[in-house]
Amino acid sequence: MSDIRILIVEDDPFIAMDLETAVSEQLGDRAELVVVESLSQAKIAANKPVSCALLDIDVVGGKTFGIAASLRAKGTPLAFVSGSAPSDVPAELRDVRFVRKPFSTGEIVRFVCNALKVA
């Protein structure tokens, strides 16, 4: 098992696959990718150490703001990857990186690599 664990919370299977592919093509076997589609699955996954997270805002079961706040409190680098407007993010989370859908895979890879300090 890898020391790098990346949480991807996305309820659209095609977008989840795009995110997973972009990250895995860059990091390969160096990272374990945990892809979940619901808030309840995200809460369970976030109970284990997470190196970095990519969170859609609106997923099955609600919004990921609580997960984001919890991860940020632990010092976990994270980004919202969402079609929502940045103004929809609560004020206390507006400093979290926001990547607008549709996104470029290069932007996702750069964020993850910078967050993990890997090439």
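As shown above, the structure is provided for reference.
Residues numbered from 1 in each chain as written. Predicted model: local features only at pLDDT ≥ 70, side-chain atom pairs only at ≥ 80, totals over all residues. Heavy atoms only, no water.

Caption draft 1: Region of interest: the sheet that holds strand β6 (residues 78–82). A sheet is described by the order of its strands in space; here five strands give the open sequence β2-β1-β3-β6-β7, paired in parallel fashion. Two strands lie at the open edges of the sheet, namely β2 (31–36) and β7 (97–100), each paired on one side alone. Put simply, the sheet's adjacent strands are angled 20° from each other on average, direction ignored. In the sheet, strand β1 (residues 4–9) pairs with β2 via six bridges, with the strands oriented parallel. In the strand pairing of β2, Leu7 is matched with Val34. With respect to the sheet, helix α3 (residues 65–73) is in contact with β1, β3 (52–55) and β6, its orientation differing from that of β6 by roughly 160°. (Pairing = 2+ DSSP bridges. Helix = DSSP H or I, 4+ residues; strand = E, 2+ residues; numbered from the N terminus. Axes fitted to C-alpha atoms, helices over the stretch in contact; angles between N-to-C directions. Contact = heavy atoms within 4.5 Å.)

Caption draft 2: Quick peek at the nonpolar core. Counting residues in hydrophobic clusters, the biggest one holds 23 residues, and the most contacted among them are Leu7, Leu55, Leu71 and Phe80. Within the residue set of this core, elements represented by two or more residues are β1, β2, α2 (39–45), β3, α3 and β6. No other element matches the four residues that α3 contributes to this core. Discounting chain neighbours no more than four positions away, the residues touching Leu55 are Val9, Thr64, Ile67, Ala68, Leu78, Ala79, Phe80 and Val81. (Core = buried A, V, L, I, M, F, W, Y, C linked by side-chain atoms within 4.5 Å. Buried < 20%, exposed > 50% of the residue type's maximum accessible area, 1.4 Å probe, protein only.)

Caption draft 3: Representation of the side chain of Ser51 in the model. Its place among the elements puts Ser51 in the loop between α2 and β3. Apart from residues lying up to four places away in sequence, Ser51 is in contact with Asp3, Ile4, Arg5, Thr76, Pro77 and Leu116.

Caption draft 4: Representation of the pairing of β1. Among the six residues in β1, six count as buried, and that is most of the element. Covered by surrounding structure in β1 are Ile4, Ile6 and Ile8 together with Arg5, Leu7 and Val9, the residues of both alternating faces. Assessed by its sense of winding, the connection that carries the chain from β1 through helix α1 (residues 13–27) to β2 is right-handed. Note that β1 and β3 share four bridges and pair parallel. Paired with Leu7 across the bridge in β3 is Ala53. (Right-handed = clockwise from strand over helix to strand, strands pointing away.)

Caption draft 5: Representation of α3. What α3 keeps buried is the set Phe65, Ile67, Ala68 and Leu71. Projected down its long axis, α3 shows its buried positions confined to an angular sector of 155°, all on one face. In this structure, α3 carries Gly66 and Ala73 as exposed residues pointing more than 90 degrees from its buried face. Tucked inside the fold, the buried residues of α3 contact β1, α2, β3, β5 (62–63) and β6. (Arc of directions from axis to C-beta.)

Caption draft 6: Quick peek at the side chain of Ser82. By the secondary structure assignment, Ser82 is in strand β6. Ser82 gets classed as buried once you look at its relative accessible area, which sits at 1%. Aside from chain neighbours lying at most four places away, what touches Ser82 is Asp56, Ile57, Phe98, Val99, Arg100 and Lys101.

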